[in-house]
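# Architecture and fold: a report
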Amino acid sequence: MDKHNSSELLNSDFSLSKNASSDSLDSDSKSSSLNSKHGQDSTHVLGDIQLLDGEKVMGVARDVTYLCPYSGPSRGVLKVTNYQLHFRPTEPTSLQTTLSVPLGVVSRIEKVGGASSKGENSYGIEVFCKDMRNLRFAHKQENHSRRGIFEKLQQLAFPLSHRQPIFAYSYSESFPEDGWNVYEPIAELRRMGVNNDMWRITRINDKYEICDSYPAVWAVPTAANDDLLRSVAAFRSRGRIPVLAWIHPSSQATITRCSQPLVGVSGKRSREDERYIQLIMDANAQAHKLFIMDARPSANAIANKAKGGGYESEDAYQNAELVFLDIHNIHVMRESLRKLKELCFPQIDQTRWFSGIEASCWLKHIKCILAGAVRIVDKVENHKTSVLVHCSDGWDRTAQLTALAMLMLDPYYRTLRGFQVLIEKEWLSFGHKFQLRIGHGDERHSDADRSPVFVQWVDCVWQLQQQFPTAFEFTERLLITIVDHLYSCRFGTFLFNTERERYREEVKTKTVSLWSYINSRQNLYLNPLYWGPSSFSPNTPPSQYSRPQMVLVPVASLRIIKLWKALYCRWNPTMRQQDPIYQRTRELVALRAQLEAAAGAAAGDHAARQLRRGLTPPRVASPHHA
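Residues numbered from 1 in each chain as written. Predicted model: local features only at pLDDT ≥ 70, side-chain atom pairs only at ≥ 80, totals over all residues. Heavy atoms only, no water.

In the annotation of an unreviewed UniProt entry, the chain is listed under the name phosphatidylinositol-3,5-bisphosphate 3-phosphatase and assigned to Vanessa tameamea. For the chain, the Sequence similarities (unreviewed entry) comment in UniProt is given as "Belongs to the protein-tyrosine phosphatase family. Non-receptor class myotubularin subfamily." (UniProt positions renumbered as here; feature names shortened; annotations may be inferred.)

Following this line, the structure appears as structure tokens:
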């Protein structure tokens, strides 16, 4: 790409990022205007709307007023497709209020006003979104347009509730790379050195019969036979037995993950489970102790005994030390984010900004998760001790802790491709219930299973980026893109609850992977300050400018942890970054590549000159100069 085109690309990107009501900092409303040669959204234009492959206009309402909380009312045309809600103002001076919102973002839709409503803009529709904003549209009663649009929105925003397929099954764009090949479980285990003397790969769950929410491929202690694994599964909630998440390359200390033991109020014991935990401990010759990190507050763990669950008794599990990490459950986290949304949207009350953040407890929860991961890292890295992590069922707080600890310990996961592998492995394959937690295509917005567990983990990753700005190959733009498409239902990556369900629903053959999209436009996400080796050229020698990769140990303190305004407050123009940060980042990435190439060429020239000088016979000194 020549200089003129790349400059045009950067400028088009920035002009869209300034839009107060645009879909996202890097989402569909903008991505179609990023004219890169690879990863270009294959859109076609129908009137004033750009449609993706497989997208169709399903409903139109004219003379609708969008009630923007920042720039005021704006009259225009509202269109509903099978993928997005699109509003375009009729007045050219109001184009900044153009909207393009994926319907997967919609949480609920309500009618506002009735036949007797008086006053301008008192009759219409309000759309409540999962990404921290609400949208309100006023209709004229005499046009009778509200009913048709409301019914279309209900049907298309919640397809599963109306027995319709999610848009990802209609979307058919092709990319240079198939993102479904990013993660291959056996290849990732071999990268960590498994199989070895102490750990083996097993396909005992190949048909998902031992545990329907676990992946097909596990790594377990070599000394544990299949009969023992089946016995342990019977004593662990949902059959989620302790399996390997990560192994230290030098000490062989491990992070394993599971669900709570089925102890109950009577204090049941399982000799098989106790023996199995001992085998995990014995697999690490550097230590004779195992730490069991229970993510829950101790009171919650005790209360779970009444439901048949509980925690490991230190009397039953010899040489094991139990630690409670005091991370609250999904219901507490859902309420915390609700309070944060009220604070950030639509208007921000300056007089209660800090007290409101404190009252939401969101940053306190972020701190607890980070602090828990730091404790795991300390035991594995500094004490060379293996750690077993669980909560109740092992698919929410457990995933937060293991994935965060692995990100701190292993620099591979801090690369663009390695981060994708981490999400595929610890979140998707191990059965975080994305369908239940996000509610893809489901109109039951008040379902008790909804919770921002994954978004909370992404926030923790952002906190790490703030404390270690040179340690990650990618910027926050990648994180925001992932959060946006967590909701969008454009890609199949986050659909359904388990690997088994995705296999049954043929997700890999019938939908497109989010990683196909991201890897085709990777330059948008690269961090110019990154000092490690690239994940996209693993066979090339590291740059002379790379630094040794280290274990990250963040400060988990409320003095350091910050609110991620670029995510939670992005719809408010008064809170948005004024500097064109994404444009500058991309310019820096390009400049860094140019400087490294120039430095490499200069080093080559210097080496060639030195070689020629070495081959030239030495000059004989004249008597005059002797």
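## Quick look at the UniProt feature "active site" (unreviewed entry) in the chain
UniProt records the feature "active site" (unreviewed entry) for Cys391 in the present numbering. Along the polypeptide, Cys391 turns up in the loop between strand 16 (386–390) and helix 11 (397–409). Other than its neighbours up to four places away in sequence, Cys391 contacts Cys258, Gln260, Asp294, Ala295, Arg296, Asp396, Arg397 and Thr398. (Helix = DSSP H or I, 4+ residues; strand = E, 2+ residues; numbered from the N terminus. Contact = heavy atoms within 4.5 Å.)

## Notes on the sheet that holds strand 13 (residues 254–257)
Read from one edge to the other, the open sheet built from 5 strands follows the order 12-13-16-14-15, with strand pairing classed as mixed. Edge positions in the open sheet fall to strand 12 (243–247) and strand 15 (320–324), since each of these has one partner strand only. Neighbour-to-neighbour, the strand axes of this sheet turn through a mean angle of 25 degrees, independent of strand direction. In this structure, strand 12 lies alongside strand 13, joined through 4 bridges in antiparallel fashion. In the strand pairing of strand 13, Leu244 is matched with Thr256. (Pairing = 2+ DSSP bridges. Axes fitted to C-alpha atoms, helices over the stretch in contact; angles between N-to-C directions.)

## Regarding the sheet that holds strand 8 (residues 124–129)
With antiparallel pairing, 7 strands are arranged side by side in an open sheet as 6-5-4-3-9-8-7. Two strands in the sheet have a free side with no partner beyond their single neighbour: strand 6 (99–102) and strand 7 (106–112). Strand-to-strand twist of the sheet, defined as the mean angle between neighbouring strand axes without regard to direction, takes the value 30 degrees. Alignment of strand 7 against strand 8, held across 6 bridges, turns out to be antiparallel. Bridge pairing links Ile109 to Val127 in strand 8. Against the sheet, helix 3 (residues 146–157) engages strand 3 (57–68), strand 4 (72–81), strand 5 (84–89), strand 7 and strand 8, with an angle of about 165 degrees to strand 7.

## Focus: the confidence of the model for the chain
Mean pLDDT over the chain works out to 89, with 88% of the residues at or above the 70 mark. Across residues 1–40, confidence stays below pLDDT 50; counting only partners more than four residues off in sequence or on other chains, it has 102 contacts. (pLDDT = per-residue confidence, 0-100.)

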